[in-house]
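Chains, contacts and geometry: an overview
Here are the chains, one letter per residue:
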Amino acid sequence: MLKINNLHASVEDKTILRGINLEVKAGEVHAIMGPNGSGKSTLASVIAGKEEYEVTEGNILLDNEDIEELSPEERAHKGVFLSFQYPVEIPGVSVTNFMKTAINETRKAKGLEDMPANEMLKLIREKSELLEIDRKFLSRSLNEGFSGGEKKRNEIFQMAMLEPKLAILDETDSGLDIDALRIVANGVNKLKSKDNAVIVITHYQRLLDHIVPDFVHVLYNGRIVKSGGKELAHQLEEKGYDWIKEEVNA
Amino acid sequence: MSLKDKLVSSFLAFENHVDIDSKVHDIRTEAIKTFENKGFPTKKDEAWKYTSLNSVLKHDYSVFPKQENALAYSDVKKYFIHDIDTYKIVLVDGKYSSHLSQTTHDGIDVCLMSAALSKPKYQLIIENYFNKVATKDGLTSLNTAFSKEGAYIHIPKNKVVAKPIEIVHFSTGNEAALMLQPRNLIVVDENSHVQIIERHQSVTDNPVLTNSVTEIVANKRAIVDYYKVQNDNLNASLIDNTFVEQKRESHVSVHTFSFGGKLTRNNLNFYQNGEYMDSTLNGVTIIGDKQHVDHNTLVHHIEPNCESHQDYKGIFTDNATGVFNGKVIVNKEAQKTNAFQSNNNILLSDKATINSKPQLEIFADDVKCSHGCTIGQLDDSALFYMKSRGIPEKEAKGLLMYAFSNNVLSSVKIPELKQRITKLIANKLGVNIGFDL
Ligand SMILES: Nc1ncnc2c1ncn2[C@@H]1O[C@H](COP(=O)(O)OP(=O)(O)O)[C@@H](O)[C@H]1O
Ligand SMILES: [Mg+2]
């Protein structure tokens, strides 16, 4: 589904990604771990198409199509979803109206009619129940004044509404207490199928106890320096990243 | 001949047409002298530093349109809030249009200024209120000198007027260039409540200059909600001079929606004569091309325990220019005043400009006054966030700008008007918004 070849990316002439190779197949869950500042969020943003990052070498293929020239919205229409590490506040636009617009714009791009209002309401009800989100919450301005945990839960609510093919969750666990973590993980697991894939960016094992990865990668200094199975995450939890840094620097 | 000379010299002819014996005659004669002395403001006047009238004064305006020109309702229906029942005072090229209007004398007076100025029945109100709160600057004096026609609204005490009142000024392009001087007087007595919508609309591309004066008096506990819809075509300019006098415990709000016109100057003045009242001044300006909109507001807090709220949003693109000059005066006696002012602007092009200048003159010590002004572009991270959810750039921008002006829209109390403003904003921003905010 996703194939990243020798990806180099920079921002303001500063190189951040220095040759990433990654293949994610349908039905798989990949975890990306690594120290702060290693380039995890940058990788997520580049896949989602953030314009300020420049791809200087390599490419990203989505279903064998190079997506370099595609805008963020076109990537979204093809099923890419990014759960932001820092979701942005949009004052004056309610959660519901935002989702209606997002869903109908995506449908429009696929040549479909707007979703009928009653169907939309049903979908919103269903997905907000899945994520145990209060109805009152949905009429508030998007992310404005939300707590860290509320923002993250809202990201997964949006993911549930949009049913993406490739979901990238950037530190979705940070800011969540144990209960919220369970709810969010449950939401993600409910959406998992053999046709879609998830990339989980995290520092901690605890999310991976709920969303069990098929592969774990360590990103350090703009490269994937180690890959393994889910046991690698346990190892990192125990020993930290120093041994990896030493291996790399040796 | 300059426009000023033309106006001054035509005053005699004008006065011959109207009733020379009336009390207003003296007021008019005084006013033309004031205009002759002061003339039109120039950029040398501090309050006109960022707005030059040169480009609108250069036309050879006809100051008294001769011909009557009728408009068919079907052609202008769209300019009315036609899905609800309203009272209407409609002027076409400055003259009363009886077939487009719906006036009343049933318990309230919603009629013509010309009638109020000439009939004995209205004499007391005219003596008490006409040209009282209006200032004696050049432009207002010019209007006063030629004051003859406009809206006259008197709501006696304890009346909640069920229907909104629409005041619509059409210009038909009958004359190559036309100058209009509408004069409105609105007196709302104790405990009464009225909603008014005002609009100036030219139906052709011929240049029009309107120099309008509106006096509003809100007596004790009166509630007045006034909406100005400024969406005229690009050859029409408007100088709107509005003066509001409020008495104790009254509530007055003026919303100004400025989307159209070549040059628009809003002189909006509030005088708070009494305690425990509030004044609301809201505005949304969305302009492009070479349009110019200048909001020049004044709130004068004279007595204690009053509030004022000003919230002006502006979105400027192309070569558009905006001005916000918000003056708040708090007298020494006006303790416990709460005066808030905010002016937020988005510039969408490098060539668009906004000059925003708060002026606070506070002579009392126990007051809460704040002002905030922002000038920015659209937030890139918000745009990326929205796009990453599948919302295309154009819609994302539209939604952000729409949300930006939302605060001001949410305080519009007539749903059908709010809907229209919503549509106007969406059109202006070139987006199709499939829901109400
Ligand atoms: N927009 C940007 N401008 C400048 N530097 C950036 C930008 N985005 C990321 N960086 C830098 O790139 C490096 C990687 O950042 P990031 O991808 O956020 O790391 P991680 O998510 O792994 O913590 C950091 O040094 C960060 O400061
Ligand atoms: Mg990060």
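The numbers attached to residues start from 1 for each chain and follow its sequence in the written order. A letter from A marks each chain and a number from 1 marks each ligand, given out in the order of writing. For a predicted model such as this one, the threshold for reporting local features is a pLDDT of at least 70, and the threshold for listing and counting side-chain atom pairs is 80 or more; totals across whole chains, interfaces and linings nevertheless cover every residue. Where side-chain values are given, they derive from all heavy atoms of the structure, hydrogens and water being excluded.

The name given to chain B in an unreviewed UniProt entry is Fe-S cluster assembly protein SufD, with Olleya aquimaris as the source organism. UniProt positions are given in the numbering used here, feature names are shortened, and annotations may be inferred rather than shown by experiment. Recorded under Sequence similarities (unreviewed entry), the UniProt text for chain B is reproduced unchanged: "Belongs to the iron-sulfur cluster assembly SufBD family."

As named in an unreviewed UniProt entry, chain A is Fe-S cluster assembly ATP-binding protein, taken from Olleya aquimaris.

**Overview of the overall build of chain B**
Within chain B, the secondary structure is distributed over eleven helices and 20 strands. Note on method: radius of gyration uses C-alpha positions; expected globular size equals 2.2 Å times residues raised to 0.38. Here the C-alpha atoms of chain B give a radius of gyration of 21 Å, agreeing with the 22 Å that 2.2 N^0.38 yields for 437 residues. Projecting the C-alpha coordinates of chain B onto the three principal axes gives extents of approximately 70 × 50 × 45 Å. Here a residue-residue contact requires only that any non-hydrogen atoms of the pair lie within 4.5 Å. If you take every contact in chain B between residues at least 6 apart in sequence, the share linking residues at least 24 apart comes to 84%. The secondary structure listing takes helices from DSSP runs of H or I that are at least 4 residues long and strands from runs of E that are at least 2 residues long, numbered from the N terminus.

**Looking at the site of ligand 1**
All names here are of chain A. Here a residue is considered near a molecule or strand provided that any single heavy atom belonging to it is located within 4 Å of it. With respect to spatial proximity, 13 residues lie near ligand 1, and among them Gly37, Lys40, Ser41, Thr42 and Tyr53 are the closest. The contact in question runs from an oxygen atom of ligand 1 to an N or O atom on the backbone of Lys40, over 2.8 Å. Polar contact is the term for a pair of N or O atoms within 3.5 Å; when the atoms are in protein, one must be able to donate a hydrogen and the other to accept it, and sequence-neighboring residues count only if both atoms are side-chain atoms. Here an oxygen atom of ligand 1 and a backbone polar atom of Ser41 are 2.9 Å apart. Per-residue and other accessible areas were derived by the Shrake-Rupley procedure at a 1.4 Å probe size, with only the shown protein chains allowed to occlude residues. Expressed as a share of its isolated accessible area of 560 Å², the protein-covered part of ligand 1 is 69%. Of all elements in the fold, only strand E2 (14–24) and helix H1 (40–48) reach the threshold of two or more residues within the shell around ligand 1. With three residues, H1 is the largest single contributor of residues to the shell around ligand 1. Just so you know the grouping, Ala, Val, Leu, Ile, Met, Phe, Trp, Tyr, Cys and Pro go in nonpolar, Asp, Glu, Lys and Arg go in charged, and all remaining residues, Gly too, go in polar. The residue inventory of the shell around ligand 1, partitioned by class, reads four nonpolar, six polar and three charged.

**Here we look at the interface of chain B and chain A**
Taken together, the 21 residues of chain B in the interface contact 30 residues of chain A. Accessible area, probed at 1.4 Å, shrinks when two parts are joined; the buried area is that loss added up over both. Carbon and sulfur atoms supply 68% of the area buried between chain B and chain A, which totals about 2,100 Å² over both sides. Contact with chain A buries surface across chain B, with Phe384, Tyr385 and Arg389 of chain B losing the most and accounting together for 39% of the total. Each reported salt bridge corresponds to a side-chain nitrogen of Lys or Arg within 4 Å of a carboxyl oxygen of Asp or Glu. Our count for the chain B to chain A interface comes out at two salt bridges.

**Structural notes on the coordination of the magnesium ion (ligand 2)**
Residue and element names in this part refer to chain A. Summarising the metal site, the magnesium ion (ligand 2) is bound by the protein donors Ser41 (OG) and Gln85 (OE1), whose distances to it range over 2.1 to 2.2 Å. Placement of Ser41 in helix H1 and of Gln85 in the loop between strand E6 (80–83) and strand E7 (90–94) is noted, with a sequence separation of 44 residues between them. For Gln85, a relative accessible area of 17% translates into the label buried. Coordination partners: N, O, S within 2.8 Å of the metal, 3.2 Å for Na, K and Ca; water not considered, so apparent gaps in a site are possible. The rule is simple: take the accessible area with a 1.4 Å probe, protein chains only, and divide by the maximum for that residue type; under 20% is buried, over 50% is exposed, in between is partly exposed.

**Considerations on the sheet that holds strand E3 (residues 29–33) of chain A**
All names here are of chain A. In spatial order, the strands read E6-E9-E10-E3-E11-E12; together these six strands make up an open sheet with mixed pairing. Since the sheet does not close on itself, it has two edges, and those belong to E6 and strand E12 (223–228), each with one partner. Across the sheet, the axes of successive neighbouring strands diverge by a mean angle of 20°, strand direction being ignored. Between N-to-C directions, angles cover 0 to 180 degrees, with each direction set by a line fitted to C-alpha atoms, over the stretch in contact for helices. Against the sheet, helix H6 (residues 148–162) touches E6 and strand E9 (166–170), its axis set at about 165° to E6. For two strands to count as paired, DSSP must find a minimum of two bridges between them.

**Examining the sheet that holds strand E10 (residues 223–230) of chain B**
All names here are of chain B. The strand order across the open sheet built from ten strands is E2-E1-E5-E8-E10-E12-E14-E16-E18-E20, with neighbouring strands paired in mixed fashion. Each edge of the sheet is formed by a strand with only one pairing partner; in this case those strands are strand E2 (95–96) and strand E20 (368–376). Pairing between strand E1 (residues 87–92) and strand E5 (residues 165–171): six bridges, direction parallel. Of the residues in E5, the one forming a bridge with Leu91 is His169. On the sheet, helix H9 (residues 393–404) packs against strand E16 (307–316) and strand E18 (338–347) and is oriented at approximately 160° with respect to E16. Its contacts with the sheet put helix H11 (residues 415–429) on strand E8 (193–202), E10, strand E12 (251–258), strand E14 (278–287) and E16, and the angle it makes with E14 is roughly 30°.

**Side note on the pattern of salt bridges**
A complete count under the given rule lists 29 salt bridges over all chains for this structure. Between Glu51 of chain A and Lys387 of chain B there is a salt bridge, and its shortest N-O distance comes to 3.1 Å. Taken together, the residues span two chains, with Glu51 of chain A in the loop between H1 and strand E4 (54–62) and Lys387 of chain B in helix H8 (residues 380–387). Two residues, Glu105 of chain A and Lys108 of chain A, come together in a salt bridge whose shortest N-O distance is 3.6 Å. A residue pair is termed a helical-turn pair when its members lie 3 or 4 positions apart in one helix, as Glu105 of chain A and Lys108 of chain A do in helix H3 (residues 95–109) at three residues. With relative accessibility at 9%, the residue Glu105 of chain A sits in the buried group. Looking at Lys108 of chain A, the relative accessible area reads 47%, which means it is partly exposed. Through salt bridges with shared partners, one network takes in Glu51 of chain A together with Lys387, Glu393 and Lys397 of chain B.

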